[in-house]
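Listed below are the residues making up each chain.
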Amino acid sequence: MQFCPKCGGVMVPVKKDGKEVLKCKKCGYEKEMSTKDKKAYEIKETAKNNKVLTTSIVSEKEGRKRDEEEWEQEREEYYKEIGLELLRDEFEGSEENDED
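- Within an unreviewed UniProt entry, the label attached to the protein reads DNA-directed RNA polymerase subunit M, and the organism entered is Acidianus infernus.

Topic: the overall build of the protein
- In terms of regular secondary structure, the protein is built from 2 helices and 4 strands.
- In the protein, the order of α-helices and β-strands from amino to carboxyl end is β-β-β-β-α-α.
- Split into buried and exposed, the 100 residues of the protein put 8% on the buried side.
- Within the protein, counting contacts between residues at least 6 apart in sequence, those at least 24 apart form 12% of the total.
- Total accessible area computed for the protein in this model is approximately 9900 Å², and 49% of it derives from carbon and sulfur atoms.

Some details on the environment of V21
- Note that V21 resides in strand β3 (residues 19–24).
- For the pair formed by V21 and E32, sequence separation is 11 residues and the distance between their alpha carbons is 4.5 Å.

Examining the state of the cysteines
- This model, assessed by the stated rule, comprises 0 disulfides.
- With no disulfide of its own, C24 has C7 as its nearest cysteine by sulfur position, at a separation of 3.5 Å.
- Overall, the relative accessible area of 3% leaves C24 in the buried class.

Structural notes on unusual backbone geometry
- The phi dihedral of D17 is positive, around 55°, even though this residue is not glycine.
- Following the sequence through the fold, D17 ends up in the loop between β2 (10–16) and β3.

What counts, and where the lines are drawn
- Residues numbered from 1 in each chain as written.
- Predicted model: local features only at pLDDT ≥ 70, side-chain atom pairs only at ≥ 80, totals over all residues.
- Heavy atoms only, no water.
- Helix = DSSP H or I, 4+ residues; strand = E, 2+ residues; numbered from the N terminus.
- Buried < 20%, exposed > 50% of the residue type's maximum accessible area, 1.4 Å probe, protein only.
- Contact = heavy atoms within 4.5 Å.
- Areas by Shrake-Rupley, 256 points an atom, 1.4 Å probe, with all protein chains shown as cover.
- Disulfide = S-S within 2.5 Å.

Written as structure tokens, this is what we have:
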């Protein structure tokens, strides 16, 4: 692998006007490939297994459905938390005003 003398980016082989050149991915600097370079960039081993590894689906879209009671309970808990926060903020604010 070679690196660009200008910016230090990776030089990759590309074909340009029928010739193979090494081109920097960052700045675009180009250098003609020598015989030594061609050997260095030669494919030495191909992939034996052409399968792509992926993750499996953990749950389907139509998995467990919540019923209306669960949604209502979750909404109530959420509103309760917000109400308590508002009361706490209001109470703390009134204490500060009392001290003034």
